[in-house]
Every structure is written in C-alpha cells, then in structure tokens.
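# Coordinate analysis (summary)
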Amino acid sequence: MFGRNCTPIVDAMNVGKNGMNLKSKEMAKFNQTDYNNWKEFRESSKSTIVQSEKELIANLYSQYYHKPYKMPCTCNGKIWQKMINDLNTIFANGL
C-alpha cells in the first residue's frame, strides 16, 4: 500500500501517442525551464512520486494541455500515469 503522499509510477519513460497542442493543433514543446524540470523528473529512479513532483505534473499538464489546474486523487495511479505519458510526449518533441 502506498502512503498518502505517494502515488505509484507505472512507467515514467513511456511516451504517449500524441503531443498535440489541443488549442492550435501544433506539436507542443516545453520551454527550456519546463524541459529541464521534466528531464530531471524522468531521470529519477524512485517508484513513487512525492508532493512536489505531483505539483510539477499538475502544473505542466494544465499549462501545456490547456486544462484547469487540478490535483488528481492519489488513489488512482492510472490518472497520474496518463498525465505523465502525455507530458512525456511533449518532452519527446524537444525544445
């Protein structure tokens, strides 16, 4: 069982299928700061994510997928994994 502040990571290296900017239909790309922050997150070998990483995921997801900021429930790792996969797609698009 995972603690209240930890969510399992199924596969942070798994890249999703589309990295489309939902508003403009162009391939979204991270800015330099976000790219570096996401690179650091991906290089982690931990099997759980902590609060600061959750905030990074939620912030980047809301910014790049033009969604309202929201912190998903920690009880469902699938939601977090989808967000991670979607952000990995943007990361794969480069700068």
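Parameters and conventions
- Residues numbered from 1 in each chain as written.
- Predicted model: local features only at pLDDT ≥ 70, side-chain atom pairs only at ≥ 80, totals over all residues.
- Heavy atoms only, no water.
- Helix = DSSP H or I, 4+ residues; strand = E, 2+ residues; numbered from the N terminus.
- Buried < 20%, exposed > 50% of the residue type's maximum accessible area, 1.4 Å probe, protein only.
- Contact = heavy atoms within 4.5 Å.
- Areas by Shrake-Rupley, 256 points an atom, 1.4 Å probe, with all protein chains shown as cover.
- Expected span 1.5 Å × (residues − 1).
- Disulfide = S-S within 2.5 Å.
- Axes fitted to C-alpha atoms, helices over the stretch in contact; angles between N-to-C directions.
- Parallel < 35°, antiparallel > 145°, perpendicular 65-115°, else oblique.
- Left-handed = near helix turned anticlockwise from the far one by under 90°.

### Regarding the overall build of the protein
Scanning the protein for helices and strands turns up three helices and two strands. Seen in sequence order, the protein has helices and strands lined up from the N terminus as β-α-β-α-α. Across the 95 residues that make up the protein, the buried fraction comes to 41%. Counted over contacts in the protein with a minimum sequence separation of 6, partners at least 24 positions apart contribute 70%. Carbon and sulfur atoms form 52% of the exposed surface of the protein, whose accessible area is close to 5900 Å².

### Re helix H2 (residues 51-64)
Look at H2: 20 Å from first C-alpha to last across 14 residues, which is about the 20 Å you get at 1.5 Å a residue. Inspection of H2 places Glu 53, Lys 54, Leu 56, Ile 57, Ala 58, Leu 60, Tyr 61, Ser 62 and Tyr 64 among the buried residues, and these make up the whole buried set. In the stretch just after H2, His 66 is the one whose phi turns positive, near 50°.

### Looking at the state of the cysteines
Applying the stated criterion across every chain, the model contains one disulfide. In this model Cys 73 forms its disulfide with Cys 75; the gap between the sulfur atoms is 2.4 Å. With the S-S dihedral at roughly 125°, the linkage between Cys 73 and Cys 75 falls on the right-handed side. Cys 73 sits in the partly exposed class, given a relative accessible area of 40%. Using a relative accessible area of 66% as the deciding quantity, one classes Cys 75 as exposed.

### Brief notes about the packing of helix H1 (residues 32-42) against H2
Axis separation between H1 and H2 bottoms out at 11 Å; the angle between their running directions is 135°. The angle between H1 and H2 falls in the class oblique. Seen along the crossing, H1 lies across H2 with a hand that is left-handed. Taken together, the residues of H2 that come into contact with H1 (itself represented by Asp 34, Asn 37, Trp 38 and Phe 41) are Glu 53, Leu 56, Ile 57, Leu 60, Gln 63 and Tyr 64.

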